[in-house]
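# Observations on the three-dimensional arrangement
If you want the building blocks of each chain, they are given just below.
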Amino acid sequence: MSGAKTFYVTTPIYYVNDKPHIGHAYTTLACDVLARFKRLDGYDVKFLTGTDEHGQKVEKSAEVAGISPQALADKNSANFRELAARLNCSNDDFIRTTEKRHVAAVQALWTKLVESGDIYLGHYEGWYSVRDEAFYGEDELVAGPNGRKLAPTGAPVEWVKEPSYFFRLSAWQDKLLEWYDANPDCVAPQSRRNEVISFVKGGLQDLSVSRTSFKWGIPVPGDDAHVMYVWLDALTNYITAVGYPDQGGDYARYWPADLHMVGKDIVRFHAVYWPAFLMAAGLKPATRVFAHGWWTNEGQKISKSVGNVIDPLELIEKYGLDQVRYFMLREVPFGNDGDYSHRAMVMRMNSELANDYGNLAQRVLSMIGKNCGNAVPVHGEFNDDDREMLDAAHGLLHKLRDAMDRQVFHEGLEALWVVIRAANGYVDRQAPWTLKKTDPARMGTVLWVLAETIRNLALLTQAFMPDSSAKLLDQLAVTERSLDRCGSHHALKPGTPLPVPQGVFPRFVEEQPE
Ligand code: MSP
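Residues numbered from 1 in each chain as written. Predicted model: local features only at pLDDT ≥ 70, side-chain atom pairs only at ≥ 80, totals over all residues. Heavy atoms only, no water.

## What to know about the sheet that holds strand 18 (residues 300-301)
Read across the open sheet, the three strands follow the order 18-17-19; overall the sheet is mixed. Of all the strands in the sheet, the pair left with one neighbour each is strand 18 and strand 19 (338-340). Bridge analysis of strand 17 (residues 295-297) against strand 19 gives three bridges, and the strand direction is parallel. Across the sheet, the residue bridging to Trp295 is Gly338, located in strand 19. (Pairing = 2+ DSSP bridges. Helix = DSSP H or I, 4+ residues; strand = E, 2+ residues; numbered from the N terminus.)

Okay, here's the thing in structure tokens:
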């Protein structure tokens, strides 16, 4: 693939204090869809995910579980790896922050920041939230029950007073503002970008980047009393995975990353601290950070204490993998918060997958099977209706490409469904079952137009629903599946033998009470 355009996409690395839930699945899925799409579109892709294993939060969880932090990390990291596999994710690497390669990269970055004069020794006194692994200023805190001070996220905070190394974040305020200004797309969506810029304009204080009150972290080079702040450690994973501190090889090939996908709660770390660390080390910041919204469950905030955490593996079990992949990227405009409900899931699954897409394929393929000798039909001249249908199908690639580049998955899928619905309308209007008796040659043309439309649709749904799309393409005997096969140049060849058709998108049937 030498010379191909590259695309490097990352998920946040997940804390190992917890089991994987729908939020983790969501970020990873969105990245997988992009990675698959870009690969099919001819890019040399690197898709990275992994686990964030150090810090006070993990240390405390291990204590509660009565095991070592490393044992907890080993156990839970495996669950995240398994989740990615069960979601059919195509990640090229899975990084763990307890790996040697990562410890070496973080210590090299630290040394570089000391050399550049951006890290100095001082004393921290202020608020810290273990749950968020974040420092907060007095002015950011909110009043909780009994007047207790809480982080703006609602997490408890504690007063910390200890020697600490600091990163000279205050010195990077203007450089960051210049960077946002020169790169209008570097933080998305726009609302998050505005939030980041106003936070930076509000003034940046130097950031405490080491702790002495616990041990579970990467030691500061030359000062074993300190472990590094978990976010400096964690963010560095994105360059560890491309070989930093070596700046040849994969680093030269993939860095800067094209996209860090994150949830809205961790934008500040990715769009303020991380670019500042990188600039201070003389490295380029990632091209773009996209922050998606949060899921609620049947209208309620998801939390362990409420007991309404959604297990993505249970969803896959109940509704099917591609159904869940489709639902998550279709239901909510990407970037907004969204609500998961059984009803919404079944609606999407039955009306859009089974009725719209599944039925289209099913009726066209079974008619071809019965009436065209199990081969791609022969077509004659096209009329206006045929041409309009084909143009719509052949014009989809550039629409989807544009949506993917803006990470508006829901818009991309809607563009595909406009064509699916148009194709169902075309079947009804052309009524090939009537043509069978009155004009079999015309029936062949209509069925060919439909089969060719489905070929284009199935090529384009591959990134979202890899297994189901592959089944559709198998049924059309399409072997060339990269996106440069979309369009009229590679249209189906009449007479190509086809396998026996099978349904692809089952309906969800509610269990009837006895
Ligand atoms: N370890 C840090 C990230 C370090 S990246 C260098 C972390 N981990 S996390 O496991 O707590 O969260 C990972 C992601 O899950 C975040 O992007 C967060 O936004 C996302 N979600 C957690 N709950 C969520 C929902 N209910 N809905 C959608 N996403 C949510 O933060």
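## Observations regarding the side chain of His270
Mapped onto the elements, His270 comes out in helix 10 (residues 267-280). By relative accessible area, which is 2% here, His270 ends up buried. The contacts of His270, once residues within four sequence positions are left out, are Trp231, Leu235, Tyr238, His260, Val262, Pro275 and Val289. (Buried < 20%, exposed > 50% of the residue type's maximum accessible area, 1.4 Å probe, protein only. Contact = heavy atoms within 4.5 Å.)

## Thoughts on the site of the ligand
Taken together, 22 residues form the shell around the ligand, and within it Ile13, Asp52, Gly263, Asp265 and Trp295 come nearest. Take His24: an N or O atom from its side chain is 3.3 Å from an oxygen atom of the ligand. Note that an oxygen atom of the ligand is positioned 2.5 Å from one of the side-chain N or O atoms of Asp265. Elements that contribute at least two residues to the shell around the ligand include exactly strand 2 (14-15), helix 1 (22-40), helix 7 (230-235), helix 8 (237-240) and strand 15 (259-263). Split into classes, the residues belonging to the shell around the ligand amount to twelve nonpolar, eight polar and two charged. (Near = heavy atom within 4 Å. Polar contact = N/O pair within 3.5 Å; in protein donor to acceptor, adjacent residues only side chain to side chain. Nonpolar A, V, L, I, M, F, W, Y, C, P; charged D, E, K, R; others polar.)

## What to know about the pattern of salt bridges
Here the idea is simple: oppositely charged side chains can pair when their charged atoms come close. Scanning all chains against the criterion turns up 31 salt bridges. Linking Lys149 and Glu138 is a salt bridge whose minimum nitrogen-to-oxygen distance equals 3.0 Å. Within this pair, whereas Lys149 is found in strand 8 (residues 149-150), its partner Glu138 is found in the loop between strand 6 (134-136) and strand 7 (142-143), the two being separated by eleven residues in sequence. Looking at Lys149, the relative accessible area reads 38%, which means it is partly exposed. According to the relative accessible area criterion, Glu138 is partly exposed, its value standing at 45%. Close ionic contact of Glu140 with Arg268 constitutes a salt bridge, the shortest N to O distance being 3.0 Å. On the criterion of sequence distance, the pair formed by Glu140 in the loop between strand 6 and strand 7 and Arg268 in helix 10 is long-range, its members being 128 residues apart. For Arg268, a relative accessible area of 27% gives the class partly exposed. (Salt bridge = Lys/Arg side-chain N within 4 Å of Asp/Glu carboxyl O.)

## Points about the packing of helix 14 (residues 384-394) against helix 16 (residues 409-430)
How two helices sit against one another is set out by the angle between their axes and by the gap between those axes. Helix 16 packs onto helix 14 with a crossing angle of 160° between their chain directions and a minimal axis gap of 10 Å. Overall, the two elements helix 14 and helix 16 adopt an arrangement that is roughly antiparallel. Of the two possible hands of crossing, helix 14 and helix 16 adopt the one that is left-handed. Here helix 14 contributes Asp385, Asp386, Met389, Ala392 and Ala393 to the contact with helix 16, which in turn contributes Val419, Ala422, Ala423, Tyr426, Arg429 and Gln430. Partitioning the contact of helix 14 with helix 16 into residue classes produces seven nonpolar, one polar and three charged. (Axes fitted to C-alpha atoms, helices over the stretch in contact; angles between N-to-C directions. Parallel < 35°, antiparallel > 145°, perpendicular 65-115°, else oblique. Left-handed = near helix turned anticlockwise from the far one by under 90°.)

## Points about the packing of helix 12 (residues 321-330) against helix 16
Packing of helix 12 against helix 16 leaves a shortest axis separation of 8 Å and a crossing angle of 110°. It follows that helix 12 is roughly perpendicular to helix 16 by the angle criterion. Between helix 12 and helix 16, the residues in contact are Tyr326, Leu329 and Arg330 and Phe409, His410, Leu413, Glu414 and Trp417, respectively. Counted by class, the contact of helix 12 with helix 16 contains five nonpolar, one polar and two charged residues.

## A word on the sheet that holds strand 14 (residues 223-228)
Read across the open sheet, the three strands follow the order 12-14-13; overall the sheet is antiparallel. Only two strands of the sheet have a single partner each, and these edge strands are strand 12 (210-211) and strand 13 (219-220). Looking at chain direction, strand 12 and strand 14 are connected through two bridges and run antiparallel. Residue pairing for strand 14: Arg211 is matched across the bridge by Val227. Lying over the sheet, helix 4 (residues 100-115) contacts strand 12, strand 13 and strand 14, oriented at roughly 105° with respect to strand 14.

## Focus: the packing of aromatic side chains
Summed over the entire model, instances satisfying the criterion amount to 31 aromatic pairs. For the ring pair Phe7 and Tyr43, a centre distance of 6.4 Å and an interplane angle of 75° mean the geometry is edge-to-face. Taken together, the residues Phe7 in strand 1 (residues 6-10) and Tyr43 in the loop between helix 1 and strand 3 (44-52) connect sequence positions 36 residues apart. For the residue pair Phe7 and Tyr43, the accessibility class agrees, reading buried in each case. Where Phe135 meets Tyr229, the ring centres are 5.0 Å apart and the plane angle is 55°; that geometry is what we call tilted. Taken together, the residues span a long stretch of sequence, with Phe135 in strand 6 and Tyr229 in the loop between strand 14 and helix 7 at a distance of 94 residues. (Phe/Tyr/Trp six-rings, centres within 6.5 Å; stacked < 30°, edge-to-face > 60°.)

## A word on the state of the cysteines
Linking two cysteines covalently via their sulfur atoms produces the bond known as a disulfide. This model, assessed by the stated rule, comprises zero disulfides. Cys31 takes part in no disulfide bond, and the closest cysteine sulfur to it belongs to Cys89, at a distance of 8.6 Å. When its relative accessible area of 0% is taken as the criterion, Cys31 is described as buried. (Disulfide = S-S within 2.5 Å.)

## Examining the pairing of strand 16 (residues 289-292)
Across the two faces of strand 16 the burial is the same, with Val289 and Ala291 and Phe290 and His292 all buried. Bridge count for strand 10 (residues 187-188) against strand 16 is two bridges, and the pairing is parallel. Bridge pairing in strand 16 links Val187 to Val289. The pairing of strand 15 with strand 16 spans four bridges and is parallel.

## Looking at the side chain of Arg455
Within the element layout of this structure, Arg455 appears in helix 18 (residues 440-461). Take Arg455: its relative accessible area is 2%, and that puts it in the buried class. Side-chain polar atoms of Arg455 contact the backbone oxygen of Gly487, separated by 3.0 Å. In contact with Arg455, other than residues within four places in its own chain, are Leu473, Leu476, Val478, Arg485, Cys486, Gly487, His490, Ala491 and Leu492.

## Comments concerning unusual backbone geometry
For residues other than glycine, phi is negative in most cases, and the peptide bonds are mostly trans. Residue Pro189 is reached from Ala188 by a cis peptide bond, and omega for that bond is -10°. The residue Pro189 is located in the loop between strand 10 and helix 6 (190-201) in this model. Each neighbour pair has its own omega, and for Tyr244 with Pro245 the value is 15°, a cis peptide bond. Within the secondary structure layout, Pro245 lies in the loop between helix 8 and helix 9 (249-254). Despite not being glycine, Asn146 shows a phi value in the positive range, around 60°. Within the secondary structure, Asn146 sits in the loop between strand 7 and strand 8. Positive phi is not limited to glycine here, since Asn374 has a value of about 50°. Relative to the helices and strands, Asn374 is located in the loop between helix 13 (342-371) and helix 14.

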